[in-house]
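Notes for the structure review
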Amino acid sequence: ILQRKSNELKLIEKDLDYTAKLLYSLQSDDHNLSNVRLYEGEKDFKKILEETLNAQNSLLVFTSTELFTSTIDLPYLHDYYKRLAANKVHSRIISSSKYSNVFKEYQLAYNLQIRSFPLLDQCNIGCYLWNDNIALISFKDDRIVCTVLQNAELFFFFHNFLFETIWKLSTHPI
């Protein structure tokens, strides 16, 4: 029995060696590989918002904002947009029509452009784009779940194709 167990362990060890070599061969010095971070809850979502304050030039957002504004308090959002504008970050936001009324009078002061897109009223999602980062946010069952991907190619696609297409289709600029 001991000999058989010893042989089984040797086979497992060989399999582990093979698997480790395979994993090491997949490692790359390519810095364009994705970095994935997961967050949950309002506190973690605010961490992502704070990270966007370091955006270079622009922040692009599309979101179901009724849920967003019911989750994050308005005084925090006003302060957040003030700090974005102070960092010379231009924000373009595509949202439901309800959100546009909340920040309509602050667009110039906060360096915002806001457009509404009716289909977002049917979604419980959000997406933030900045510095090769894509934050995908899901609002479900009164909780926020966020996945942040850092990948230049995916960012390029989300920015230049998805966001810009939805921006152009958002026919109700404020």
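In this report, the structure presented in the accompanying data block is examined.

Analysis parameters
- Residues numbered from 1 in each chain as written.
- Predicted model: local features only at pLDDT ≥ 70, side-chain atom pairs only at ≥ 80, totals over all residues.
- Heavy atoms only, no water.
- Helix = DSSP H or I, 4+ residues; strand = E, 2+ residues; numbered from the N terminus.
- Buried < 20%, exposed > 50% of the residue type's maximum accessible area, 1.4 Å probe, protein only.
- Areas by Shrake-Rupley, 256 points an atom, 1.4 Å probe, with all protein chains shown as cover.
- Phe/Tyr/Trp six-rings, centres within 6.5 Å; stacked < 30°, edge-to-face > 60°.
- Axes fitted to C-alpha atoms, helices over the stretch in contact; angles between N-to-C directions.
- Parallel < 35°, antiparallel > 145°, perpendicular 65-115°, else oblique.
- Contact = heavy atoms within 4.5 Å.
- Pairing = 2+ DSSP bridges.

In terms of regular secondary structure, the chain is built from 6 helices and 8 strands. Overall, the chain shows an N-to-C arrangement of helices and strands of α-β-α-β-α-α-β-α-β-β-β-β-α-β. Of all 174 residues assigned to the chain, the portion counted as buried reaches 37%. Carbon and sulfur atoms make up 56% of the accessible area of the chain, which amounts to about 10900 Å² in all.

For the coordinates displayed, the defined rule picks out 10 aromatic pairs. Ring centres of Phe-62 and Phe-163 lie 6.1 Å apart, and the angle between their planes is 35°; this geometry places the pair in the tilted category. Taken together, the positions of Phe-62 in strand 2 (residues 58–63) and Phe-163 in helix 6 (residues 152–169) put the pair 101 residues apart, joining distant regions of the chain. The residues Phe-62 and Phe-163 share a single accessibility class, namely buried. Ring geometry for Tyr-76 and Tyr-80: centres 6.4 Å apart, planes at 10°, overall stacked. Remark: Tyr-80 and Tyr-76 occur in helix 4 (residues 74–86); sequence separation between them is 4 residues, near one turn of the helix.

Packing of helix 2 (residues 42–52) against helix 4 leaves a shortest axis separation of 10 Å and a crossing angle of 20°. One way to sum up the angle between helix 2 and helix 4 is to call them roughly parallel. Taking contact as the criterion, the partners of Lys-46, Leu-49, Glu-50 and Thr-52 in helix 2 are, on helix 4, Tyr-76, Tyr-80, Arg-83 and Leu-84.

Let's shift gears to the pairing of strand 5 (residues 125–130). It is a general feature of regular strands that their side chains alternate between the two faces of the sheet. Most of strand 5 is tucked away, with 5 of its 6 residues classed as buried. Bridge analysis of strand 2 against strand 5 gives 4 bridges, and the strand direction is antiparallel. The partner of Val-61 across the bridge, within strand 5, is Tyr-128. With 6 bridges joining them, strand 5 and strand 6 (residues 133–140) adopt antiparallel strand pairing. From the neighbouring strand, Cys-127 faces strand 6, where its bridge partner is Leu-136.

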